[in-house]
Amino acid sequence: MRLSHIAVSLVFWMAAACSERAGDARAGETGGTMVIAAPGSGTTPPFPAYAGDAIGRAISDNVYEKLAEIGPDLVTTGDAGFAPRLAQRWEWAADSMSIAFHLDLRARWHDGRPVRASDVRFSLDLLKDPRTATQYTAFLTNVDSVSVRDSLTAVAWFRARSPEQFFQFAYQVYVVPEHILKDIPRDKLSTSDAVSHPVGSGRFRFARFEPGVRVELVADTAHYRGRARLDRIIVSFVPDGGAAITQLLSGQADFIEIVPADVLPRLDSAANVRAMPYPGLGYSFLSLNQRDPRRLSAPHPIFADRRVRQALSMAVDREAMLRNVFDTLGILGVGPYPRALADTTIKVPPFDRARAAALLDSAGWLAGPDGVRAKGGRPLAFSVNVPTSSRVRMRYAVLLQEQFKTVGARADIAQMDFSAYYEREQTGAFDASLSSVSPDPNRSAVKQYWTTAGIPPGGANAGRYSNRAVDALVDSIALTIDPARANQQYHRAMQLVVDDAPAIWLYDVLTIAGMHRRIRPVDVRANGWWGGLADWWIPGNERIERDRIGLRPAQP
């Protein structure tokens with residue numbers, strides 16, 4: 001079956017699947033186990049501050065809670081679209097410089113202790129502390145502090161009024177238990193037993209974590225917002241995408257979050273599984289490190305030169321690579337954001353190998369007898385890191401390698417498991433890296449990925465790109481009340497980033513999951529397919545042997 005035909009059928013299925021709501025489940029029906037096959041090493045602890053990929057976020061988002069949850073339309077301005085979670089209600093100060101959140105009296109940590117306003121204050125302090133080394137720090141610069149008015153009222157204070165200040169606090173701050181975490185040194189938190197065996201307040205409790213093997217969550221049957229419909233979620237870590245597909249088709253797993261385009265025909269012909277397209281905000285690019293991986297205080301010997309970065313971007317035929325990997329289903333990258341948040345007037349570097357060669361000549365990289373350019377005796381050679389968990393990125397690595405050859409650049413592919421890949425991105429130990437990110441559903445999210453404040457450990461700017469003009473524009477976007485002026489600032493910032501060519505924009509992530517037909521998904525959103533996971537369900541007559549194990553008591 002042609003992928004273009006599959007695409008048409010997926011659009012119709014998506015419209016039906018994403019409209020499902022919890023009320024569609026049979027009244028009172030709960031139970032069953034859902035197994036998620038996750039390519040990757042699975043060594044990152046299931047804790048919000050350190051969730052480094054979508055699966056990590058899916059786990060932590062269901063164990064922990066925020067004060068309020070964004071609505072399905074993902075409106076990030078004001079608070080009208082947000083639904084209560086830990087906070088039953090909130091009220092703004094007359095000058096809009098603070099918001100008082102009134103906690104739900106019924107909310108409990110999974111060890112039985114009540115959730116209190118002091119937990120909210122502690123959580124903000126934890127995320128803003130540079131010793132915690134979390135990527136959330138970059139998002140919280142406009143949040144000054146939290147004060148405790150009484151045990152159930154936490155007041156968030158802001159440095160400036162902003163259209164997105166409610167979003168900046170309520171969406172970014174996961175509330176974590178002060179009584180469990182307060183005595184752990186912040187610089188030791190990521191390796192502590194407390195984050196490997198988390199105690200949250202969400203509709204799923206943590207039950208088990210075997211690094212590199214599995215994570216198990218079980219329903220909190222006494223949760224104040226109602227128990228999760230599924231009894232159990234098991235995340236099973238597998239070496240790569242091929243192993244995940246095998247587990248899904250064989251019935252060992254019920255769900256994988258990304259199905260490569262070339263595998264979709266196999267799902268279409270399978271009796272027990274189906275493809276589930278869903279909206280997404282992920283995009284992928286080749287990050288060109290601005291700093292020397294052997295000494296981060298020094299500029300990169302190749303990529304610090306803007307002309308080299310621009311030349312490499314012009315040397316690759318992005319549209320041809322897209323068709324090669326995705327056939328008719330691909331979405332071409334348009335800049336440092338997904339197409340859903342795109343400014344379509346931004347001009348990306350064109351495919352022009354003659355101009356690329358001229359730029360390299362002007363930068364002093366001259367062709368040698370072996371076809372590889374060199375400068376001062378140094379060859380134009382670099383490594384490209386790629387995680388083996390992503391079949392798509394591994395294919396792109398080979399295509400990029402071949403296209404760089406056409407302008408005299410040698411790219412050596414460095415394949416590694418996800419944990420090694422992620423560690424190298426965080427520490428800057430790479431030349432170039434095939435990256436994939438999923439930003440928050442607001443334009444100021446570029447701060448985490450393309451500003452100085454986003455350089456790790458405070459953000460996810462793995463390529464260490466820094467431009468003070470971009471920093472100033474991005475900061476002003478978040479504080480600008482006038483939408484037209486904010487649009488102008490956003491355009492200027494994004495065009496500056498694209499002109500600097502800190503990366504080669506490749507494609508938007510193709511968000512088509514593979515799912516067993518017995519699973520009934522609910523409330524699948526662009527900011528995370530797992531948002532409604534606690535209301536996903538399995539009809540009783542479609543359950544299999546692993547659904548009848550019985551609900552094990554969760555360990556606090």
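Further up the page is the structure itself.
This write-up is about the structure you can find in this document. Because the structure is predicted, anything quoted here is derived from the model rather than measured. (Residues numbered from 1 in each chain as written. Predicted model: local features only at pLDDT ≥ 70, side-chain atom pairs only at ≥ 80, totals over all residues. Heavy atoms only, no water.)

Quick word on the pairing of strand S7 (residues 153-158)
Then comes step 1: Taking burial as the measure, the 6 residues of S7 include 5 buried ones, the bulk of the element.
Then comes step 2: Here strand S5 (residues 98-103) pairs with S7 via 5 bridges, running antiparallel. Of the residues in S7, the one forming a bridge with His-102 is Thr-153.
Then comes step 3: Pairing geometry for strand S6 (residues 143-150) and S7, over 6 bridges, is antiparallel. Residue pairing for S7: Asp-150 is matched across the bridge by Thr-153.
Then comes step 4: With antiparallel pairing between neighbouring strands as the criterion, S6 and S7 make up a hairpin whose turn holds 2 residues. (Buried < 20%, exposed > 50% of the residue type's maximum accessible area, 1.4 Å probe, protein only. Helix = DSSP H or I, 4+ residues; strand = E, 2+ residues; numbered from the N terminus. Pairing = 2+ DSSP bridges.)

Some points on the sheet that holds strand S13 (residues 283-288)
Then comes step 1: Taken in spatial order, the 5 strands of this open sheet run S20-S19-S21-S13-S22, and their pairing is mixed. The open sheet terminates on both sides in strands that have one partner only, identified here as strand S20 (410-416) and strand S22 (503-508). The mean inter-strand angle of the sheet, taken between neighbouring strand axes irrespective of direction, is 25 degrees.
Then comes step 2: Where S13 and S22 come together, 5 bridges link them in antiparallel fashion. Residue Leu-286 lies in a different strand from S22, and its bridge partner there is Ile-504.
Then comes step 3: Of the strands in this sheet, S13, strand S19 (381-387), S20, strand S21 (432-437) and S22 are in contact with helix H12 (residues 391-405), which crosses S20 at around 165 degrees. (Axes fitted to C-alpha atoms, helices over the stretch in contact; angles between N-to-C directions. Contact = heavy atoms within 4.5 Å.)

Regarding the packing of aromatic side chains
Then comes step 1: Summed over all chains, the structure comprises 26 aromatic pairs.
Then comes step 2: Aromatic pair Phe-101 and Phe-169: ring centres 5.5 Å apart, planes at 40 degrees, arrangement tilted. Note that Phe-101 is positioned in strand S5 and Phe-169 in helix H4 (residues 165-170), a separation of 68 residues in sequence. Like Phe-169, Phe-101 is buried. (Phe/Tyr/Trp six-rings, centres within 6.5 Å; stacked < 30°, edge-to-face > 60°.)

Description of unusual backbone geometry
Then comes step 1: A cis geometry characterises the amide bond from Pro-456 onward to Pro-457, with omega recorded as 10 degrees.
Then comes step 2: A positive phi angle, close to 55 degrees, is found at Ala-133, a residue other than glycine.
Then comes step 3: Along the chain, Ala-133 turns up in the loop between helix H3 (117-128) and S6.
Then comes step 4: Unlike most non-glycine residues, Asp-523 shows phi in positive territory, near 55 degrees.
Then comes step 5: Looking at where Asp-523 falls in the secondary structure, it is placed in the segment after strand S23 (512-516).

Considering the side chain of Gln-448
Then comes step 1: Note on placement: Gln-448 falls in helix H14 (residues 446-450).
Then comes step 2: Setting aside residues no more than four positions away along its own chain, Gln-448 makes contact with Gln-135, Tyr-136, Ala-138, Phe-139, Gly-454, Gly-459, Ala-460 and Asn-461.

Section: the pairing of strand S8 (residues 204-210)
A regular strand places its side chains on the two faces of the sheet in alternate fashion.
Then comes step 1: Relative to strand S9 (residues 214-219), S8 runs antiparallel, the two being bridged by 6 bridges. Across the sheet, residue Arg-208 finds its bridge partner in S9, namely Glu-216.
Then comes step 2: Following S8, the chain reverses through 3 residues before pairing antiparallel with S9; Gly-212 in that reversal takes a positive phi of roughly 80 degrees.

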